[in-house]
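A closer look at the structure
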Amino acid sequence: MLSKMIVNFFQILIEIALWLSLLTFVILGWKMRSGGLFGGEIMGLKGAIIGAVVWLIIAVVFFGISLVLGDIRERVKNIQSSK
């Protein structure tokens, strides 16, 4: 029972970390390309897109295996409950 709670909490924690890191990378990309608070909205948009792409690559490398294992766990649980 406790081990299942820990695994569920770990999945929730990874999900929150992924959303927060995506937000951080997009904001940093916007700020890096716009050159300040009030200039270059088009360059800021390009920077935000670049930040999101960089985030995607990093997220796949570091969080991908955990998400795949969580998905396999859910599918096995669904198969067991259907029997």
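Attention in this report is confined to the structure presented alongside it.

Reading the values: rules and limits
- Every chain begins its residue count from 1, and numbering advances along the sequence as written.
- In view of the model being predicted, local features appear only for residues whose pLDDT reaches at least 70, and side-chain atom pairs are presented and counted only at 80 or more, with totals across whole chains, interfaces and linings using the full set of residues.
- Here the side-chain values reflect all heavy atoms present in the structure, with hydrogen atoms and water set aside.
- Only DSSP runs of H or I covering at least 4 residues are called helices, and only runs of E covering at least 2 are called strands; the numbering of each starts at the N terminus.
- Classification of residues uses two cut-offs on accessible area relative to the type maximum, computed with a 1.4 Å probe and protein chains only: under 20% is buried, over 50% is exposed, and between them is partly exposed.
- Two residues form a contact once any of their heavy atoms are found within 4.5 Å.
- In this description, accessible areas are obtained by the Shrake-Rupley approach with a 1.4 Å probe, and a residue is regarded as covered only by the protein chains that are shown.
- Salt bridges are identified by distance alone: a Lys or Arg side-chain nitrogen within 4 Å of an Asp or Glu carboxyl oxygen.
- Throughout, nonpolar core names a set of buried Ala, Val, Leu, Ile, Met, Phe, Trp, Tyr and Cys residues whose side chains join them through atoms within 4.5 Å.
- By definition, no residue in a patch forms a salt bridge, and every one has over 30% relative accessible area; like charges are joined within 9 Å, nonpolar side chains (Val, Leu, Ile, Met, Phe, Trp, Tyr) within 5 Å.

**Some points on the overall build of the protein chain**
Across its full length, the protein chain holds two helices and zero strands. Looking at the protein chain as a whole, 17% of its 83 residues are labelled buried. Once local pairs closer than 6 in sequence are excluded, the contacts in the protein chain between residues at least 24 apart make up 56%. Just so you have it, the protein chain exposes about 6700 Å², and 78% of that area is on carbon and sulfur atoms.

**Quick word on the pattern of salt bridges**
Counted by the stated rule, this structure contains three salt bridges. A salt bridge links Arg-73 to Glu-74; the nearest nitrogen and oxygen atoms lie 3.4 Å apart. Bridged by salt links that share partners, the residues Arg-73, Glu-74 and Lys-77 form one connected network.

**Re the environment of Gly-47**
Assignment of secondary structure puts Gly-47 in helix α2 (residues 41–82). A relative accessible area of 2% places Gly-47 in the buried class. Put simply, Gly-47 and Trp-30 are 17 residues apart on the chain and 4.8 Å apart in space, counted from C-alpha to C-alpha.

**What about the nonpolar core?**
Ile-14, Leu-18, Leu-22, Trp-55 and Ala-59 together form the largest nonpolar core, which totals five residues. Elements with a contribution of two residues or more to this core: α1 (2–34) and α2. Ranked by the residues each element gives to this core, the list is headed by α1, at three residues. When sequence neighbours within four positions are dropped, the list of residues in contact with Ile-14 reads Phe-63, Ser-66 and Leu-67.

**Here's the deal with a nonpolar patch on the surface**
On the surface, a cluster of nonpolar side chains totalling about 920 Å² of accessible area is made up of Trp-30, Leu-45, Ile-49, Ile-50, Val-53, Val-54, Ile-57, Ile-58, Val-61 and Phe-62. When residues in the nonpolar patch are grouped by element, the largest group, nine residues, is from α2. You can see Ile-49 is positioned in helix α2. Take Ile-49: its relative accessible area is 51%, and that puts it in the exposed class.

**What about the environment of Val-26?**
Within the fold, Val-26 resides in helix α1. Assessed through its relative accessible area of 27%, Val-26 is described here as partly exposed. With sequence-adjacent residues up to four places away left out, Val-26 is seen in contact with Ala-48 and Ala-52.

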